[in-house]
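Summary of the model geometry
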Amino acid sequence: MKVLYATQATATGGRTGSAATADGALKVDLVTPKELGGPGGAGNNPEQLFAAGYSACFLGALKFVAGQQKIKVADDSTVTADVGIGARDDGQGFGLDVALTIKLPGLERAVAEDLVQRAHVVCPYSHATKGSLDVRLTVA
């Protein structure tokens, strides 16, 4: 694979600490949610960051595949990622539960569903999780 862009981020303190990119463009305080035994409160957690990254990436993939077919994706189109974490059924650690809800106003449902399936192949997040996560896709 020819890498077209690369970035670097470093976390300190684990789930309750901080993370920042090497270029200084992103710096977040990390706080473990109460549901996972942490203090909760101000700050973010890895699941929120994953949800934000996946939703943005998937929308980008949708625009890419739509552009290949000369289909206009409305500016108010959205992808919402719901990400959950919990103990895996095999008892060996933790896993993620992911669902994407895609809103493509102005497109016929069949066209939107086809674009979503094509985007799921193109999106690097979808590719990276293939075989390890059952990502549920819903066209709203």
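The structure displayed is predicted, hence computed values, not measured ones. (Residues numbered from 1 in each chain as written. Predicted model: local features only at pLDDT ≥ 70, side-chain atom pairs only at ≥ 80, totals over all residues. Heavy atoms only, no water.)

1. Thoughts on the sheet that holds strand 1 (residues 9–12)
Spelled out, the test is: A pair of strands is considered paired only if DSSP assigns at least 2 bridges between the two. To qualify as a helix, a DSSP run of H or I must reach at least 4 residues; to qualify as a strand, a run of E must reach at least 2; elements of each kind are numbered from the N terminus. To get an axis, fit a line to the C-alpha atoms, keeping to the stretch in contact for a helix; angles then go from 0 to 180 degrees between the N-to-C directions.
One open sheet accounts for three strands, arranged 1-2-3; its pairing is antiparallel. Whereas interior strands pair on both sides, the edge strands pair on one side only; in this sheet they are strand 1 and strand 3 (27–30). Sheet twist, expressed as the average angle between the axes of neighbouring strands with direction ignored, equals 15°. Sheet topology places strand 1 next to strand 2 (residues 17–21); four bridges connect them, and they run antiparallel. In the sheet register, Thr10 faces strand 2, and the bridge partner there is Ala20.

2. Here's the deal with unusual backbone geometry
With phi around 60°, Lys70 is a residue other than glycine that occupies positive phi space. Here Lys70 is to be found in the loop between helix 1 (46–68) and strand 4 (78–87).

3. As for the pattern of salt bridges
Quick note on the threshold: When a carboxyl oxygen of Asp or Glu lies within 4 Å of a side-chain nitrogen of Lys or Arg, that pair is called a salt bridge. Residue exposure (1.4 Å probe, protein chains only): buried if accessible area is under 20% of the type maximum, exposed if over 50%, otherwise partly exposed.
Using the criterion set out here, one finds six salt bridges in the structure. A salt bridge links Lys72 to Asp75; the shortest N-O distance between them is 3.5 Å. For Lys72, a relative accessible area of 60% translates into the label exposed. According to the relative accessible area criterion, Asp75 is exposed, its value standing at 70%. Where Arg118 meets Asp114, a salt bridge forms, and the shortest distance between an N and an O atom there is 2.8 Å. Here Asp114 and Arg118 lie together in helix 2 (residues 109–122), a separation of four residues that amounts to about one turn. In this structure Asp114 comes out as partly exposed when scored by relative accessible area, which is 33%.

4. Some details on helix 2
Our working definition: Multiplying 1.5 Å by the helix residue count minus one yields the expected span of that helix. Within this analysis, the arc is defined by the directions that extend from the helix axis to the C-beta atoms. By definition, residues are in contact when any of their heavy atoms lie within 4.5 Å.
The end-to-end C-alpha distance of helix 2, which contains 14 residues, comes to 20 Å, matching closely the 20 Å that a straight helix rising 1.5 Å per residue would cover. Taken residue by residue, helix 2 has Ala112, Leu115, Val116 and Ala119 as its buried positions. In a view along the axis of helix 2, the buried residues occupy a sector of 105°, so they form one face of it. Residues of helix 2 that are exposed and point over 90 degrees away from its buried face: Ala110 and Val121. On its buried side, helix 2 packs onto helix 1, strand 5 (94–103) and strand 6 (136–139).

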